[in-house]
Amino acid sequence: MTEMMTTDVRAIMDRTPFDVSAVADLRELLNRDPSRYRTLREAVANIRERDKKDAKPETHLRIGVGEVLLGRYAAGYEQLKKAGDIGMAYFFQGLALENLQRPEDAATAFAKAAKHGYDAKAAELHRAGALRLTGHLDEARKILQGLQKQGASSAEFHFQNGAILAAEGELALAAGEFEKALAGDRDHNGALFQLAFINDLFGNDDAAVDLYKRCTERPPVPLAAWVNLGVLYEDEMRFREAEQCYRQVLAHDPNHPRARLFVKDCQASKGMYYDEEAEKGYVVLKQLLEIPVTDFELSVRSRNCLRKMNIRTLGDLTRTTEAALLASKNFGETSLAEIKEMMTSKGVRLGMALDGGERGATTHDHRAEPPQEVAPEVQALLNKPISELSLSVRARKCMSKLNLQSVGDLVKRSGDDLLECKNFGVTSLNEIRDKLGALNLKLKND
C-alpha cells in the first residue's frame, strides 16, 4: 500500500490528509518521471468532476495545488482562494501570484503561509524572491542574511541569492550561485532558466540551449524559457523547432504578442533558402563594377569623354544610358560601340543598374553627402553606447551582427535595414523605435 502511495499520482492526489508530505511525494515523483504530468492533469480533472456538486475546502486545495504544479496559475489561484486559512494554500497562492506577475501580492501570501504553519524557511525564501521582483533588493537580502545559518545549504537559498546578484548586475557571481543551486537540485527550474539566460547573454549558445531544454522538460515551465530557446533555434536556422517552442507559449497564452509574431517569422523563414552560388555571383559582380574604366583598353577619345562625364568605374557605366553618352561632345557611334563591346565581354551592359535588374549594380556614395551639423546635446545622445538602451537579447544580437556600437550608428539605419538582419522581426523593430522615441530620435526614413 505504501509503495502505491508513493508511485501513483492519483493515489497521492487522493491521500488523506493532503498535506506537505503528500505534495513532497508528488513533486518527487513528477521530477523522477515527467511523463506523469499527464496523469496529474487527468487526476485534477477527475477530482474536479467527482466533487463539483459538493466541493469542500480540501477539494479546492487539492485541485489548486495540482493546477499550480501544471503551470495553470490563474486556475490554481482561484481554487486556492477557496481552500481557507491553510499554510500550504497560501504558499501555493504565492507561487501562482508570482508567476502571474503580481509579486507584491505573492510576498503577502508567502508571509501568510508562514503565519499559518507552513515551513517558515521555505516561505521566507520565496518571500525574499517576491520582494526582489518588486525592486526591494535590500529587504530581500536582509531576509536571506537571516536565513544564512539554517538555509545556506539549500538549492532555493542559492537560487534566491543568485537572483539578487543578477539583479545587481553581478552576473559572474550570480552564475556561481545558480550552479550551487543546481548541485543541490538539478531540476530547479529557476536556476536552470537564470543560468541559461546568463550563458545566452555571453554568447554561449550551446550551453544556453542545453539549459533551456532542461528547463522545459518539467512543468511548470517559464514562458520566457520557451521564447528564448526558440530564438536560439532560429539563430541555428532550426525554424521548425523554434516554431514548436513559440507554439508552446501560445498553448498557455494564445494572445502572447511576441510568440505570435515569432511564429509568423518562423513560417516565413521556412519558405526561404540561402542560394550560396547566387551570393558568390553577387560578390564577383560587386568587385567587377568597382574596376576603374582606365583599366580597360579604350581609345583616347572614349577615355576623354568618360572623364568629362565623371564616369570613373564600370559601375558608373551601368548607370549611364546610350543616349547620355551620345549627347556628350565628340562622343560618337564608334566610341559607343567600343564601350558596349568592352562591357559585353565583362557580362554587363549600359543602363543595367537603372533597370534594377542586377543586385549590387546600384550603389550610393555616402561620402558625397555633406556633413550635417547637430546640436551638442543631440550629439551627446548619438554618442551613447547602444548598451544603454537596455535592449532585449534578440535586438542586442542584431546590433552586434550589424556592428552598431552607438545610438548614432543605429539612427543611420532604416527599419528595412534592420529587418534584413536574421531573426530580427517587427517586435524587435518596434522595441528599438520605442527606445529611440524616448530620446526624441528616429531611425532613418521614419
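Residues numbered from 1 in each chain as written. Predicted model: local features only at pLDDT ≥ 70, side-chain atom pairs only at ≥ 80, totals over all residues. Heavy atoms only, no water.

(A) Structural detail: the overall build of the protein chain. When you go through the protein chain residue by residue, the secondary structure sums to 29 helices and zero strands. Of all 446 residues assigned to the protein chain, the portion counted as buried reaches 43%. The contacts in the protein chain between residues at least 6 apart in sequence include a share of 51% that link residues at least 24 apart. A total of about 24400 Å² of accessible surface is found on the protein chain, and carbon and sulfur atoms cover 49% of it. (Helix = DSSP H or I, 4+ residues; strand = E, 2+ residues; numbered from the N terminus. Buried < 20%, exposed > 50% of the residue type's maximum accessible area, 1.4 Å probe, protein only. Contact = heavy atoms within 4.5 Å. Areas by Shrake-Rupley, 256 points an atom, 1.4 Å probe, with all protein chains shown as cover.)

(B) Focus on the packing of helix α14 (residues 189–201) against helix α26 (residues 393–401). Relative to each other, α14 and α26 sit at 15 degrees, their axes nearing to 11 Å. One element, α14, and the other, α26, form an angle in the roughly parallel class. Taken as a pair, α14 and α26 cross one another with a handedness that is left-handed. Across the interface between the two elements, F197, D200 and L201 of α14 pack against V393, R396 and K397 of α26. Considering only residue class, the contact of α14 with α26 consists of three nonpolar, no polar and three charged. (Axes fitted to C-alpha atoms, helices over the stretch in contact; angles between N-to-C directions. Parallel < 35°, antiparallel > 145°, perpendicular 65-115°, else oblique. Left-handed = near helix turned anticlockwise from the far one by under 90°. Nonpolar A, V, L, I, M, F, W, Y, C, P; charged D, E, K, R; others polar.)

(C) Representation of helix α8 (residues 103–115). The end-to-end C-alpha distance of α8 is 18 Å, a good match for the 18 Å that 13 residues give at a rise of 1.5 Å each. Of all the residues in α8, the buried ones are P103, A106, A107, A109, F110 and A113. Buried residues of α8, viewed axially, fall in a sector of 165 degrees; they line one side. Set apart from the buried face of α8 by more than 90 degrees, the exposed residues are E104 and K115. In this structure, the buried side of α8 is in contact with α7 (87–99) and α9 (120–133). Looking one or two residues beyond α8, the residue adopting positive phi is G117, at roughly 95 degrees. (Expected span 1.5 Å × (residues − 1). Arc of directions from axis to C-beta.)

(D) Region of interest: unusual backbone geometry. The step from T16 to P17 runs through a cis peptide bond, and the omega angle for that step is 0 degrees. With respect to the secondary-structure elements, P17 resides in the loop between α2 (9–13) and α3 (20–32). Positive phi, close to 65 degrees, is recorded for Q101, a residue that is not glycine. Despite not being glycine, S390 has its phi angle at roughly 55 degrees, a positive value. Relative to the assigned elements, S390 resides in the loop between α25 (376–382) and α26.

(E) Layout of the packing of aromatic side chains. Under the definition given, this model contains seven aromatic pairs. Taking the centre distance of 5.7 Å and the plane angle of 80 degrees together, the rings of F91 and F92 count as edge-to-face. Taking relative accessible area as the criterion, F91 reaches 2% and is therefore assigned buried. For F92, a relative accessible area of 0% gives the class buried. When the centroid spacing of 5.9 Å and the interplanar angle of 40 degrees are considered together, the rings of F159 and F178 count as tilted. Linking F159 in helix α12 (residues 155–167) with F178 in helix α13 (residues 171–184), this pair joins segments that are 19 residues apart in sequence. Summarising the burial analysis for this pair, F159 and F178 share the class buried. (Phe/Tyr/Trp six-rings, centres within 6.5 Å; stacked < 30°, edge-to-face > 60°.)

(F) Representation of the nonpolar core. One finds M13, L40, V65 and F92 to be the most contacted residues of the largest nonpolar core, which totals 49 residues. Sorting elements by how many residues they give to this core places α7 first, with eight residues. Apart from the residues within four sequence positions on either side, F92 is in contact with V23, R27, V65, V68, L69 and L80. By size, the runner-up hydrophobic cluster in this structure holds 37 residues, among which are A166, A174, L192 and A196. (Core = buried A, V, L, I, M, F, W, Y, C linked by side-chain atoms within 4.5 Å.)

(G) Quick peek at the pattern of salt bridges. Under the definition given, this model contains 23 salt bridges. One salt bridge connects R141 with D138, and the closest N-O pair in it is separated by 3.0 Å. Placement of both R141 and D138 in helix α10 (residues 137–146) is noted, with a separation of three residues, approximately one turn of the helix. A cluster of three or more residues bridged by salt bridges with shared partners is formed by D14, R50 and D51. (Salt bridge = Lys/Arg side-chain N within 4 Å of Asp/Glu carboxyl O.)

(H) Geometry of the packing of α9 against α12. Between α9 and α12, the least distance of the axes is 10 Å, while the angle of their chain directions is 15 degrees. Looking at the two axes, α9 sits roughly parallel to α12. The element α9 and its partner α12 pack so that their crossing is left-handed. Contact residues: α9 offers L125, H126, A128, G129 and R132, while α12 offers E156, F157, F159, Q160, A163 and I164. Counted by class, the contact of α9 with α12 contains six nonpolar, three polar and two charged residues.

(I) Main features of the environment of S414. Looking at where S414 falls in the secondary structure, it is placed in the loop between α27 (407–411) and α28 (415–419). A residue is classified by how much of its surface remains accessible, and S414, at 9% relative accessible area, is buried. Measuring from C-alpha to C-alpha, the distance between S414 and D446 comes to 7.3 Å, with 32 residues separating the pair along the chain. Look past the residues within four positions of S414 in its chain and what remains in contact with it is K444 and N445.

(J) Structural view of the environment of Q101. Its location among the elements puts Q101 in the loop between α7 and α8. Considering only alpha carbons, one finds Q101 and T134, 33 residues apart in sequence, at a separation of 9.8 Å.

(K) Expanded view of α3. The terminal C-alpha atoms of α3, which comprises 13 residues, lie 18 Å apart, in line with the 18 Å expected from a rise of 1.5 Å per residue. The complete set of buried residues in α3 reads A22, V23, L26, L29 and L30. Buried residues along α3 cover an arc of 125 degrees about the axis, so they all sit on one side.

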